[in-house]
Amino acid sequence: MIQDKDIYDVIVVGGGHAGCEACAAAARTGAKTLLVTHKISTIGEMSCNPAIGGLGKGHLVREIDALDGLMARVIDKAGIQFRMLNLSKGPAVRGPRAQADRTLYKMYMSEELKNTKNLEIKEASVEGLIVKNHTVCGVVLSDGKTIQSNAVVLTTGTFLNGIMFTGHQTSIGGRVGDVSCVGITPFLKDLGLNLGRLKTGTPARLNGDSINWNILDRQSGDINPKAFSFLTEKITNRQIDCGITNTNEKTHKIIRDNFSKCALFSGLITGVGPRYCPSIEDKLVRFADRTSHQIFLEPEGYETNVVYPNGISTSLPADIQDEFIHTMKGLENVEILRYAYAIEYDYVNPQELNHCLGVKKAQGLYLAGQINGTTGYEEAGAQGLVAGVNAALFALKTGKEFYIDRSQGYIGVMIDDLITKGVDEPYRMFTSRSEYRLVLRADNADARLTDLGYEIGCVSDERYSVFKQKMSKIQEYNTYCSSKIVSYPEIENAGISVKHTGKKTLKDLMSYPDVSRETINRLDEKSKNVDEVTFEQVEIEAKYSGYLKREYEDIAVFKRDENLKIREDIDYSKIGGLSTEMVQRFTKVKPKTIGEASRIIGVTPAAVTAILGHLKK
């Protein structure tokens, strides 16, 4: 085979959202990094919906940003509609979301990578791995050429043996216009990894000029849009509206009458699709009593007429799509620019991975994104960052590992869920997956993670300096509010109802549900000049102090179990009191801690107690 003269520290395979974050993170951490992608022109491509963030997902993007990742900065530049979801609810479940101009997002992501030190980009197809003594040390290209490295990160998305379905018509590819990757799967199987098949899909694309917008309800962005990145001072992009339409009984009848032509129900697709982003035909089965489903018509950019109809992903034939799409209000005369399709692809059971997203059965190999059974740009990007940092740490022989536990971030929740529970459907992040939602808020992601990232080397001095200044301002104002006494006459004059007379601090008053910032400003002249971010952080701590105290106590108990390490060479079959089933479950996952062992699906408290007893001996 022809050898490449260069030897890289890290090679990242795939230029999607996981790959972009992985290669940038590895390079930031000091590794000489190569990104290999099918097409340089599709780096950062938004293959499905033109949006970033949402409930749970927005938390992940903020955490990526706290670790100096790219996604938040890019969407702040490319966003065309920003909304803070659940704004009327508590801060724990609020989630930033933004629609993107697809072209701008891809352009700005490419610019970020081109300006990243230590990073090279190569257009080629990877069809194999160089494996020596169960250590991965490079890749094999489709032309037979090899490139050596100390670590490899696979971020293949839906391209591993990807097959696209429109009705009973199939085609090979990872998405429209791109080929599948067929060579890597045999190498993964040779390493002894457990693989399966999953399914996802995308809706048709519509010509916005042929939509009757005048008869549709509209959805606007926030008047004062909030940025994703902690470095972005203000969103200045022009905001656009979305349209809202609905399916109806006529739509549903056409779809139901043609279930037999659907790849999902005809047996052609064996992989399981995402529960929380189902196809329209899947919705009609799961929610059979519903007579209508809301569809959001999302423009894909400033300079394009393409519209994304969010909510009608399908694998039905083109002629049936034509028929049912035209039954919806405002779409009676719409032109379909591209028909919807489903895609089935290979994935690796994430229980084959450790907390660093490294493959347990092969050193130097890391996996991130849909190859691990997840769905979504945000989940992919977060995994890519963790995998990229750890690949760099391994390649540079630092002896260090970078991982985030469940009490530190949603990234930690996601990875822990994946490696302990595995997946039987594409995994999607929600705030409900975390036990510590009030601590793990989107607004404080930097306070939780930036120090951690700086210590490991993936956060720049520039970002860290901005972060330290911000935290200093918050601490200063918090100390001030905790000591600033407000007398009862002042409280009474401000219209605040208190149960007990006497002096209270400004922070005490912030904890009252009916006390707003305007009230605090009337009581205290200095508070008028405090910026919104600083005030919000102190106010949240005040209003939720009792709940936060309890969560921190719960976290202390969690940390106790996480600190009880389990040796890698432990033989579970020799532990008394463990059933054969428990031995098999522990041996498969190989938990590193008692806490991790307790979260494995099917593991009983008695089994965990047996391991504890064994460790004490």
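Residues numbered from 1 in each chain as written. Predicted model: local features only at pLDDT ≥ 70, side-chain atom pairs only at ≥ 80, totals over all residues. Heavy atoms only, no water.

## Focus: the overall build of the chain
Put simply, the rule is: Helix and strand labels come from DSSP, where a helix needs a run of H or I of at least four residues and a strand needs a run of E of at least two; each type is numbered from the N terminus. Throughout, the radius of gyration refers to the C-alpha atoms, and the reference size of a globule is 2.2 Å times the residue count to the power 0.38. Each residue gets one of three labels from its accessible area relative to the maximum for its type: buried under 20%, exposed over 50%, partly exposed in between, using a 1.4 Å probe on protein chains only.
When helices and strands are counted, the chain shows 20 helices and 22 strands. Over its C-alpha trace the chain gives a radius of gyration of 26 Å, about what one expects of a compact globule, namely 25 Å for 617 residues. Dimensions of the chain, computed from the C-alpha atoms along their principal axes, are close to 80 × 70 × 50 Å. Counting only residues that meet the buried cut, the chain has 58% of its 617 residues in that class.

## A look at the packing of helix 1 (residues 17-28) against helix 4 (residues 102-114)
To be explicit about the condition: Where helices are involved, their axes are fitted lines through C-alpha atoms of the stretch in contact, as for all axes, and angles between N-to-C directions lie from 0 to 180°. Working definition: roughly parallel below 35 degrees, roughly antiparallel above 145 degrees, roughly perpendicular at 65 to 115 degrees, and oblique for all remaining angles. Two helices cross in a left-handed way if the nearer one is turned anticlockwise from the farther one by less than a right angle. They cross in a right-handed way if the turn is clockwise. We call two residues contacting when some pair of their heavy atoms lies within 4.5 Å. When residues are grouped by polarity, Ala, Val, Leu, Ile, Met, Phe, Trp, Tyr, Cys and Pro land in nonpolar, Asp, Glu, Lys and Arg in charged, and all others, Gly among them, in polar.
In the contact formed by helix 1 and helix 4, the axes pass within 10 Å of each other and the chain directions differ by 20°. When the axis of helix 1 is compared with that of helix 4, the two are roughly parallel. Handedness of the helix 1/helix 4 crossing: left-handed. Along the contact surface, helix 1 presents H17, C20, C23 and A24, while helix 4 presents Y105, M109 and L113. When the residues that make up the contact of helix 1 with helix 4 are grouped by side-chain class, the tally is 6 nonpolar, 1 polar and no charged.

## Some thoughts on helix 3 (residues 71-78)
For the α-helix, the turn length of 3.6 residues means that residues three or four positions removed from each other point alike. Most of helix 3 sits out of view: 7 of its 8 residues are buried. Along helix 3, the positions that sit buried rather than exposed are M71, A72, R73, V74, I75, D76 and A78.

## Considerations on the sheet that holds strand 11 (residues 169-172)
What counts, and what does not: Two strands form a pair only when DSSP identifies at least two bridges running between them.
The sheet built from 4 strands is open, its strands ordered 11-10-19-12 with antiparallel pairing. Two strands bound the open sheet, and with one partner strand each, they are strand 11 and strand 12 (195-202). Geometrically, the sheet is characterised by an average inter-axis angle of 25° between neighbouring strands, direction not taken into account.

## Side note on helix 10 (residues 410-421)
To keep it simple, the criterion reads: A helix is expected to span 1.5 Å multiplied by its residue count minus one.
Taking 1.5 Å of rise per residue, 12 residues should cover 16 Å, and helix 10 covers 16 Å from first to last C-alpha, within 8% of that figure. Judged by how many residues are buried, helix 10 sits mostly within the fold: 11 of 12 residues are covered. Every buried residue belonging to helix 10 is among Y410, I411, G412, V413, M414, I415, D416, D417, L418, I419 and T420, and all of these are buried. Contacts made by the buried residues of helix 10 are with helix 2 (57-66), helix 9 (377-395), helix 11 (445-456), helix 18 (580-589) and helix 19 (594-598). Positive phi shows up at G422, right after helix 10, with a value of about 70°.

## Quick look at the sheet that holds strand 18 (residues 336-338)
Taken together, the 6 strands give an open sheet; going across it, the order is 14-15-16-17-13-18, and neighbouring strands pair in antiparallel fashion. Edge positions in the open sheet fall to strand 14 (217-219) and strand 18, since each of these has one partner strand only. Across the sheet, the axes of successive neighbouring strands diverge by a mean angle of 40°, strand direction being ignored. The pairing of strand 13 (residues 205-207) with strand 17 (residues 306-310) spans 2 bridges and is antiparallel. When the sheet's bridge partners are listed, L206 is paired in strand 17 with V307.

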